[in-house]
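# Remarks on the overall topology
The chain contents come next:
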Amino acid sequence: MIKKGEARDDRYIRPKRAEKKFKLAKGLRQSVYLYGITGSGKTAFISDMLGKKTYYYFSAGKTGAEQIQIPNDDKNYVVVIDDMHEIMGDSQREEYADCLRLLMRQKNVWLILVARCTMPQWLMPLHVEHAFLIIKETDLQFDRMEQDAFFEKWKVSLSAEQAGEIWQIGGGSPLFLRLMALAGGDIKQGMNDMWKYLLHIYSQWDIELQEFMMEMSVVKSFDVKMAQIVTGRKNASQLIKRAMEMGNFLKEEEGRYCFNFFLRDSFQAVIENMIDVEQVGRIYYNAGHMYETYGDIPHALEMHEAGGDRKSILRLLIENARQNPAEGCYFELRRYYLQLPEEDIRTSPVLMAGMSMLQSMLMNREESEKWYRLLERFAAENEGSARREAKNRLLYLDIALPHRGSIEMVNLLKHAGILIKEGKTMLPEFSVTSNLPSLMSGGKDFCEWSKKDKELAATMGKIVELVLGKHGKGLVNIALAESYFEKGMDNYEVLSLAEKGRMQAEVGGKMDSVFVSVGILIWLSVLNGHAEDAQEMLESFEHTVKKQAPKLLANLHALRCRVSLYQGNVSAVLKWMEEAPDENKDFCSLERFRYMTKIRVYIQFGKYGRAYGLLQKMLYYAKEQKRNYIAIESMFLLALVKYHIKEEGWDSLLQECITRAEGYCFVRIFSREGGAGLKLLRAGKFVWINEEYHQQVLQECEKMRRFYPSYLKEKSNPDISLSENALNILRLQAEGYRIDEIADQLGITKNTVKYHSKETYRKLEVSSKAAAVNEAKNRGLI
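Rules of the game
Residues numbered from 1 in each chain as written. Predicted model: local features only at pLDDT ≥ 70, side-chain atom pairs only at ≥ 80, totals over all residues. Heavy atoms only, no water. Helix = DSSP H or I, 4+ residues; strand = E, 2+ residues; numbered from the N terminus. Contact = heavy atoms within 4.5 Å. Areas by Shrake-Rupley, 256 points an atom, 1.4 Å probe, with all protein chains shown as cover. Lys, Arg positive; Asp, Glu negative; His and termini not counted. Charge placed at Lys NZ, Arg CZ, Asp CG, Glu CD. Core = buried A, V, L, I, M, F, W, Y, C linked by side-chain atoms within 4.5 Å. Buried < 20%, exposed > 50% of the residue type's maximum accessible area, 1.4 Å probe, protein only. Right-handed = clockwise from strand over helix to strand, strands pointing away. 1 Å grid on protein atoms, 1.4 Å probe; cavity = no way out; pocket = protein on both sides within 12 Å on 5 of 7 lines; lining within 4 Å. Points joined across faces, edges and corners; volume = space filled by probe spheres on them. Nonpolar A, V, L, I, M, F, W, Y, C, P; charged D, E, K, R; others polar.

### As for the overall build of the protein chain
The helix and strand tally for the protein chain stands at 41 helices and 9 strands. Seen through its C-alpha atoms, the protein chain measures out along the principal axes to roughly 95 × 70 × 45 Å. Of the contacts made within the protein chain by residues no fewer than 6 positions apart, 69% connect residues no fewer than 24 positions apart. When the accessible area of the protein chain is evaluated, it comes to approximately 36,200 Å², of which 50% is carbon and sulfur surface. Charged side chains in the protein chain number 109 positive and 106 negative. The centres of these two groups are separated by 2 Å.

Below is the structure:
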């Protein structure tokens with residue numbers, strides 16, 4: 001039918017991204033495919049953009065392809081075909097494809113297709129032939145500035161906190177913002193209205209699709225196989241396809257699907273009212289076992305807990321306790337372990353050993369030893385396989401409990417080696433590194449071993465490989481390389497040992513040992529002024545880690561951040577901080593390498609209070625768990641922080657640090673800190689026992705200062721303050737607007753735009769618009 005444009009709604013806000021694309025398509029007379037979930041503002045956008053123009057409008061759900069006839073004359077026509085997602089069946093799609101092909105070949109027709117779903121497969125041949133300009137649902141969403149303008153036009157007064165929360169929840173969704181405006185800014189009411197609206201949409205689907213979507217709402221994301229397992233439906237693939245075609249209700253990325261916007265929350269809110277209890281239990285049971293097959297134990301437990309499956313929870317906790325802390329999920333699952341009834345734990349030697357290990361990791365020494373004693377009693381009171389299991393676990397704990405340190409480690413390993421040779425024990429798998437790029441400060445602290453590194457390598461090498469199995473492959477050479485490196489010995493010998501150990505570990509060992517050897521090579525590159533080479537090496541290694549040992553990724557990223565600090569790459573450092581652990585939420589000892597990285601970031605940005613607080617936690621941890629290396633490292637950094645904030649006692653703390661480090665002949669624990677460390681060491685008079693050692697420390701710090709003059713030197717403030725005008729200009733620059741367009745948009749002069757841009761470049765320490773936009777995004781300013 002022919003439709004006349006209506007008067008423009010004064011309260012309507014045009015989404016700029018969509019507007020820019022639409023105008024581009026209009027200028028080129030390029031066909032448009034516009035899609036978005038119901039309520040995303042598609043119709044309102046088209047109506048506003050076409051203004052008072054007359055155009056042909058058809059609803060594909062109500063109009064057959066044969067009914068769409070546009071005169072092929074000397075006039076230009078705009079043709080809008082809405083509800084493209086309602087075209088079902090092969091024959092109907094073929095008819096529409098032929099119709100659209102003819103329209104797109106008519107030079108006097110500008111074609112606009114509107115749908116709820118992404119472009120379906122049957123339209124792809126036309127897309128390849130004629131190239132639609134695609135306006136996505138995300139293009140229809142408002143940015144933060146547009147959201148503020150929307151509420152202003154609706155005369156809804158919001159506090160900055162309310163506006164920020166609405167932005168966090170809705171992400172600029174036109175539907176959500178409209179409902180929020182109708183609710184007068186009441187977030188709870190707006191959310192309830194949103195769920196009611198979506199439930200109205202679901203009610204129009206067929207029952208099978210409704211049930212499938214509700215069943216899948218128990219998981220955050222899924223693929224076809226997962227959907228089949230969770231729902232038990234063999235036609236899961238077809239149902240996913242139908243959901244995608246019905247509207248943009250599911251988002252797909254690399255073969256995995258997740259619910260769009262509020263859909264999952266709204267399904268979760270009603271699932272138990274619309275599906276019987278037994279069926280809900282079956283769904284959670286299936287989801288739990290599905291996660292188990294994928295090795296995702298935390299999510300599996302979440303499903304079993306939601307389904308009330310106590311037996312599966314106990315079974316999974318026992319299976320997890322069979323693994324070492326680096327491979328298992330002790331800390332992540334601590335809530336489940338700590339909720340277990342004591343009588344359940346006492347029936348399983350594996351669980352008792354797991355509780356002893358967990359409590360040690362949580363620095364609850366007495367609780368750890370309590371479970372160790374209960375395991376001893378279990379071993380004494382039982383026979384056969386139960387007794388053997390308990391004895392094996394006790395020997396494992398003797399070696400592995402974090403709070404016991406490594407003083408008796410030599411005798412323990414010798415004893416374990418004898419028992420293994422005689423076939424009297426079979427130890428669980430160890431992790432010497434805890435997924436850190438270090439053996440010296442890995443699963444245990446081995447600073448004392450460095451005093452006799454050559455001797456221990458000769459006498460203990462074979463025993464270590466016997467006791468540790470695959471984790472022992474290449475370990476001796478890697479441990480020697482790290483010990484030599486820390487003591488500032490010959491770089492070529494360090495390189496040779498690290499490479500040899502790496503090859504041994506790659507052939508028959510474990511990837512975490514390879515990580516340590518790579519870490520040594522990284523530090524060698526950094527200390528010789530080749531930080532870029534170090535980053536390239538880490539980038540290459542990351543590809544291998546993603547495939548073979550993804551649990552190493554967190555610490556690998558932290559190591560990349562450490563290198564970025566030397567390079568002065570502020571944006572990379574700030575990006576890493578987004579994934580850094582929150583020490584104020586939960587302190588996890590397994591995160592120690594990332595905490596030490598975070599401390600350096602705090603110091604770099606002058607956040608001395610935060611660094612101070614985290615260093616106190618690290619010193620407490622080091623004392624409780626007998627971690628000499630972390631204690632020395634933390635003392636040095638704390639002395640640096642105290643010096644910066646002019647707090648007394650920094651010099652006595654530094655003297656203690658020097659004395660302890662010199663006792664191990666550790667050079668690199670100082671030289672890694674470069675110019676900041678050098679300034680500190682020269683700021684007072686300190687006692688050095690060995691002058692040659694003293695001079696080596698100073699010389700290496702000086703060399704690092706020359707290589708990386710900005711390292712830990714406060715200059716780059718991440719808390720950049722930009723005016724509202726400056727931020728608005730940046731947002732529009734990010735959308736590709738020119739200076740004159742920005743001036744018109746904001747009602748300011750071009751010179752004002754230029755002035756704000758220049759000031760923004762200065763504050764962000766960049767020299768171009770593209771760099772400013774990129775830096776602002778990295779800092780979360782826009």
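### Looking at the nonpolar core
Met213, Phe222, Leu654 and Phe670 are the most contacted members of the largest nonpolar core, which has 208 residues in total. Those residues in contact with Phe222 that sit more than four places away from it in its chain are Met216, Ala227, Ile240, Leu250, Gly255, Arg256, Tyr257 and Phe259. Val79, Ile81, Cys99 and Leu111 belong to the second-largest nonpolar core, a separate cluster that totals 29 residues.

### A look at the side chain of Gln210
Note on placement: Gln210 falls in helix 10 (residues 207-216). With a relative accessible area of 10%, Gln210 lands in the buried category. If sequence neighbours within four positions are ignored, Gln210 has contacts with Tyr202, Ser203, Trp205 and Met274.

### Some details on the pairing of strand 4 (residues 77-82)
Most of strand 4 is tucked away: 6 of the 6 residues are buried. Residues of strand 4 alternate between two faces, with Tyr77, Val79 and Ile81 on one and Val78, Val80 and Asp82 on the opposite face, all of them buried. The parallel pair strand 4 and strand 5 (residues 109-115), bridged by helix 3 (residues 90-105), forms a crossover whose chirality is right-handed.

### Description of empty space enclosed by the protein
Per the stated rule, a full pass over the model turns up 7 cavities of 30 Å³ or more. In this structure, the largest cavity spans a volume of roughly 690 Å³. In terms of lining residues, the largest cavity is bounded by 41 residues, among which Val432, Leu439, Lys444, Phe446 and Leu475 are the most central. The set of elements that each furnish at least two residues to the lining of the largest cavity consists of helix 19 (349-361), helix 21 (384-400), helix 22 (409-421), helix 23 (447-450), helix 24 (453-468) and helix 25 (475-486). If one sorts the elements of the lining of the largest cavity by residue count, helix 24 sits on top with 7 residues. Taken together, the residues of the lining of the largest cavity break down into 27 nonpolar, 9 polar and 5 charged. Its boundaries defined by the atoms lining it, the second largest cavity holds a volume of some 270 Å³. Lining the second largest cavity are 20 residues, with Pro437, Ser438, Phe593, Tyr629 and Arg672 positioned closest to its centre. Breaking the lining of the second largest cavity down by element, the ones donating at least two residues are helix 25, helix 27 (511-527), helix 31 (592-604) and helix 33 (628-644).

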